[in-house]
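# Report on the structure
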Amino acid sequence: MARISYRKAVNQALDQEMTRDASVILMGIDVGGGSGGSGDVGSVGGVMGVTKGLYPKYGPNRVIDTPISESAIIGAAAGAAVTGMRPVAELMFVDFIGVCLDQIYNQAAKFRYMFGGKARTPLVIRTMGGAGMRAGAQHSQNLHPILTMIPGLKVVMPSNPYDAKGLLIRAIRDDDPVVFLESKALYDMKGEVPEEAYEIPFGEANFLRDGGDATIVAFGAMVPRAMQAADRLAKDGIRVTVIDPRTTSPLDEEAILDSVDETGRLVVVDESPPRCSLAADVAALVASQAFDALKAPVGMVTCPHTPVPFAPNLEDAYMPSAEKIEAAVRKTL
Amino acid sequence: MAIKAIRMPKWGLAMEEGTIIDWLIAEGDAVAEGDEILEIETTKITNVLEATNAGQLARIVARTGEVMPVGAIIGVLTEGEVSEGEVDAFLADSPAVEVAAEDDEDDTALALQTVTVNGRRMNVAQAGSGRAVVLLHGFSGDHGNWLFAIEDLKGAARVIAPDLPGHGASEKDVGDGSLATLADTVAAMLTGMEVSDAIVVGHSLGAAVAMRLALDHPALVGQLALVCPAGLPGGVVNDDFLSGIVRAEKARDVKKALQLLVRDPATVSRDMVDGVTRAIRLDGAQAALGVLRDRMLDGADFAALHGALDALPPVTLIASRNDTIVGAPDVAALPDGWAVHWLDDAGHLPHLETAAEVNALLRALI
């Protein structure tokens, strides 16, 4: 099986779904990358090169370079979705979602509900988030908690190349709006990915490791860090279960509760400020539904309640690290 | 006097590390070649490591529960009088991890290749040289189910283990899903690989395919070994398993189905579940498996085999007393001359559950 990058896995999912289904279109800032000029074939394909090669292959009618207007991109994509297309709209950075939030939460997310189930909105919004790239406070955020709390949206946070491909294919075939949150920090991560198309269902957690001493739940780019922490703990004979829920909405509550039933100890790792975070959400889930299983208070490893710092040393200190995760697990023991 | 390292074996391409489950002998115990010395859990399943030399277990390096990379020293075997100091010196001088080179020069290295057969893409694993031994997996399996058999047999034979149509990394098109279609595809593959007079080993559905192959393409098959075969007189078809896989949505559905296959449900590891889950999530895989299931439930292909058992080449039947998937064949209804071996300790996956026992029976055929 080929080992490909997270970036390539996303690209392959887009490519295969565009081949399979002519109603799948891409739109966004620079998704064609240099279209209209002489460099079509060598077009960059977005600021991270994720859509590279798709403009030359599918042309300007299906790979649409848009003006720099997020409200126009998402508004047009939502409209295209309800009229029968399967648009994959790209927001260059999730930080820019503020200017098109109305189109997302008050329009696309409401159509099925408000039209009595008769409207389908097969819209995918691809975007990227996360700190660690020295990109400053306006280009480094993770805003999944804001999106997760909106009924009518599905929210996906792939943590590896295999999941990125299967979850994006699932997202494109889904009849509801899906926000697909890629992680800047993971684009170069490599892993085994089948060449064929496949779907990973939403709401199914991935167990990366089984261990009876504690459970770590981690999202997106925090999953590899949780695994590093698990490796360090294993050297001292501490065996932890590592769970990646893969989607924050729907959330695989059963997997988390079953695991805490077995281990009695939980640490949640979420790259976002602590208030109203997924860490707080999962901690509340376990406290309200598995309190009797808990042998120690739930640990939460999050960022502090500040903007993402630009100073490299402060940005590093801002992030949940393997060391912090390890310490949080030890505190529960 | 001789000192040898016992190293973590590599069972199958994907294995990177193993967990020591239990040493079956103690330090100081004598062993003969082929004795079972310890249980190791891989990402697939737990298996037993056999001694490759006679001697004495001088030192246990990796204890129960330890996870060691492939090639790591896990114990020390000595022959004759060896002092503790000499064992210490040996350990100090030996690389802690040493992986046997598996380069192109070594024809026992497992190679995966893709071949096109009758317009279908087939994924096939090959290792070793000599007489061809063809391993056909069962419903929803793949070539990886034979990892212990491949490891054991590749030194003595040319082992060929395809992913059947609809399975693993092979094409998802299974046509009408009949045994004849599957057998014809395997036949075309073997012909393309210039194989004839092979020992064909089939498990479950793969065993029924093996019988059909022998009947329809007799030049290809010299003898048969049927492991928990589907489709024999007296057998059953367990639809809870078949439909459990065909309808599975979540990994936990797959786990429930796979647990029906084994005697001890705890042997179904997370990685085994993940492997099958990944395979059936490929576009078209569950639809293909549905076609195969319907064909098996229909039963006509199996009935056709019952009338032709006398025409098969020599058969070794390896059946399991605790098999709830295909049941127990009615031995009285089988032709005279079949060599029948009953296994007591496995469920439907003896080539994984009690691999050493199955491997010994297969080795004896070469």
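The model shown is predicted, which means the values in this text are computed figures rather than measured ones.

## A few points about the overall build of chain A
A count of helical and extended segments in chain A gives 12 helices and 14 strands. Radius of gyration (C-alpha) of chain A: 20 Å, near the 20 Å computed for a compact globule of 333 residues. Taking the principal axes of its C-alpha atoms as reference, chain A extends roughly 60 × 45 × 40 Å. When the 333 residues of chain A are sorted by exposure, 59% land in the buried category. Nonlocal contacts in chain A, meaning residues at least 24 apart in sequence, comprise 81% of its contacts between residues at least 6 apart. Carbon and sulfur atoms provide 55% of the accessible area of chain A, an area that totals close to 13,100 Å².

## A few points about the side chain of Ser 277 of chain A
All names here are of chain A. Assignment of secondary structure puts Ser 277 in the loop between β13 (266-269) and α10 (278-289). The class for Ser 277 is buried, based on a relative accessible area of 2%. Within the local environment of Ser 277, its side chain forms a polar contact with the backbone oxygen of Pro 274, the two atoms lying 2.8 Å apart. A polar side-chain atom of Ser 277 sits 3.1 Å from the main-chain amide nitrogen of Ala 280. Discounting chain neighbours no more than four positions away, the residues touching Ser 277 are Pro 145, Asp 270, Ser 272 and Thr 302.

## A few points about the sheet that holds strand β12 (residues 158-162) of chain B
Residue and element names in this part refer to chain B. Spatial strand order, β9-β10-β12-β11-β13-β14-β15-β16: eight strands in an open sheet with mixed pairing. This sheet does not close on itself; its edge strands, each paired only once, are β9 (111-117) and β16 (339-343). On average, each strand axis in the sheet is inclined to that of its neighbour by 20°, with strand direction left out of account. Pairing between strand β15 (residues 315-320) and β16: five bridges, direction parallel. Counted as the bridge partner of Thr 316 is Ala 339 from β16.

## Details of the pairing of β12 of chain B
All names here are of chain B. Burial analysis of β12 places five of its five residues in the buried class, the great majority of the element. Across the two faces of β12 the burial is the same, with Arg 158, Ile 160 and Pro 162 and Val 159 and Ala 161 all buried. One ladder, built from four bridges, connects strand β10 (residues 120-127) with β12; its direction is antiparallel. From the neighbouring strand, Ala 127 faces β12, where its bridge partner is Val 159. In the sheet, strand β11 (residues 132-136) pairs with β12 via three bridges, with the strands oriented parallel. The partner of Ala 132 across the bridge, within β12, is Arg 158. Handedness of the crossover joining β11 and β12 through helix α2 (residues 147-153) is recorded here as right-handed.

## Re the packing of helix α5 (residues 239-246) of chain B against helix α6 (residues 251-259) of chain B
Residues and elements named next belong to chain B. At a minimum axis separation of 9 Å, α5 and α6 run at an interaxial angle of 160°. With respect to α6, the element α5 is oriented roughly antiparallel. Crossing geometry of α5 relative to α6 is assigned as left-handed. Facing α5, whose interface residues are Phe 241, Gly 244 and Ile 245, α6 presents Val 254, Ala 257 and Leu 258. Grouping the amino acids of the contact of α5 with α6 by side-chain chemistry returns five nonpolar, one polar and no charged.

## Some points on the interface of chain A and chain B
Each partner contributes to the interface: chain A provides 21 residues, whereas chain B provides 16 residues. At the boundary of chain A and chain B, one finds seven salt bridges. The shortest N-O distance in the salt bridge between Arg 121 of chain B and Glu 196 of chain A comes to 3.0 Å. Taken together, chain A and chain B are joined by eight residue pairs in polar contact (both at pLDDT 80 or more). Elements with a contribution of two residues or more to the side of chain A that touches chain B: α7 (161-173), β9 (206-209) and α9 (253-263) of chain A. Here the residues of the side of chain A that touches chain B are counted per class, giving nine nonpolar, two polar and 10 charged.

## Some points on the domain arrangement of chain B
Residue and element names in this part refer to chain B. Assigned domains of chain B: these are domain 1 (2-93) and domain 2 (104-363). Every contact between the two is made by 11 residues of domain 1 and, on the other side, 12 residues of domain 2. With both chains or domains summed, domain 1 and domain 2 bury close to 1,200 Å², and 64% of this area falls on carbon and sulfur atoms. Counting every contact that joins domain 1 to domain 2 gives zero salt bridges. One can count zero residue pairs in polar contact (both at pLDDT 80 or more) joining domain 1 with domain 2. When residues of the side of domain 1 that touches domain 2 are assigned to their parent elements, the largest contribution, three residues, is made by strand β5 (residues 46-50). Per-class residue counts for the side of domain 1 that touches domain 2 are three nonpolar, four polar and four charged.

## Some words on the packing of helix α1 (residues 6-20) of chain A against α7 of chain A
Residue and element names in this part refer to chain A. Two elements in contact, α1 and α7, have axes whose closest approach is 8 Å; the angle formed by their N-to-C orientations is 30°. Here α1 is positioned roughly parallel relative to α7, judged by the angle of their axes. Pair α1 / α7 crosses with right-handed handedness. Contacts between α1 and α7 involve Tyr 6, Ala 9, Val 10, Gln 12, Ala 13, Leu 14, Gln 16, Glu 17 and Arg 20 from the first element and Pro 161, Ala 164, Lys 165, Leu 168, Ile 169, Ile 172 and Arg 173 from the second. Counted by class, the contact of α1 with α7 contains 10 nonpolar, two polar and four charged residues.

## Focus on the packing of aromatic side chains
In total, this model carries five aromatic pairs over all chains according to the counting rule given. Plain terms: the ring middles of Tyr 6 of chain A and Tyr 187 of chain A are 5.7 Å apart, the flat faces sit at 70° to each other, and that makes the pair edge-to-face. Within this pair, whereas Tyr 6 of chain A is found in helix α1, its partner Tyr 187 of chain A is found in the loop between β7 (178-183) and β8 (190-192), the two being separated by 181 residues in sequence. One exposure class covers both Tyr 6 of chain A and Tyr 187 of chain A, and it is buried. Between the aromatic rings of Phe 111 of chain A and Phe 115 of chain A, the centroid separation amounts to 5.9 Å while the plane-to-plane angle is 25°, which identifies the pairing as stacked. According to the relative accessible area criterion, Phe 111 of chain A is buried, its value standing at 14%. When the ring centre of Phe 207 of chain A is taken as reference, the NZ or CZ atom of Arg 270 of chain B above it lies at 3.8 Å. The ring of Tyr 162 of chain A carries the charged tip of Arg 278 of chain B above its face, separated from the ring centre by 3.5 Å.

## Some details on helix α8 (residues 285-298) of chain B
Residues and elements named next belong to chain B. With 14 residues, α8 extends 20 Å from end C-alpha to end C-alpha; this agrees with the ideal 20 Å at 1.5 Å per step. Every buried residue of α8 is listed here: Ala 285, Ala 288, Leu 289, Gly 290, Leu 292, Arg 293 and Met 296. Where α8 is buried, its residues touch α3 (179-192), α4 (205-216), α5, α7 (270-281) and α9 (300-306). In the stretch just after α8, Gly 299 is the one whose phi turns positive, near 85°.

Cut-offs and rules
- Residues numbered from 1 in each chain as written.
- Chains lettered and ligands numbered in written order.
- Predicted model: local features only at pLDDT ≥ 70, side-chain atom pairs only at ≥ 80, totals over all residues.
- Heavy atoms only, no water.
- Helix = DSSP H or I, 4+ residues; strand = E, 2+ residues; numbered from the N terminus.
- Rg over C-alpha atoms; globule rule 2.2 N^0.38 Å.
- Buried < 20%, exposed > 50% of the residue type's maximum accessible area, 1.4 Å probe, protein only.
- Contact = heavy atoms within 4.5 Å.
- Areas by Shrake-Rupley, 256 points an atom, 1.4 Å probe, with all protein chains shown as cover.
- Polar contact = N/O pair within 3.5 Å; in protein donor to acceptor, adjacent residues only side chain to side chain.
- Pairing = 2+ DSSP bridges.
- Axes fitted to C-alpha atoms, helices over the stretch in contact; angles between N-to-C directions.
- Right-handed = clockwise from strand over helix to strand, strands pointing away.
- Parallel < 35°, antiparallel > 145°, perpendicular 65-115°, else oblique.
- Left-handed = near helix turned anticlockwise from the far one by under 90°.
- Nonpolar A, V, L, I, M, F, W, Y, C, P; charged D, E, K, R; others polar.
- Salt bridge = Lys/Arg side-chain N within 4 Å of Asp/Glu carboxyl O.
- Domains from an automatic or database assignment.
- Buried area = accessible area lost by both parts, 1.4 Å probe.
- Phe/Tyr/Trp six-rings, centres within 6.5 Å; stacked < 30°, edge-to-face > 60°.
- Lys NZ or Arg CZ within 6 Å of the ring centre and 35° of its normal.
- Expected span 1.5 Å × (residues − 1).

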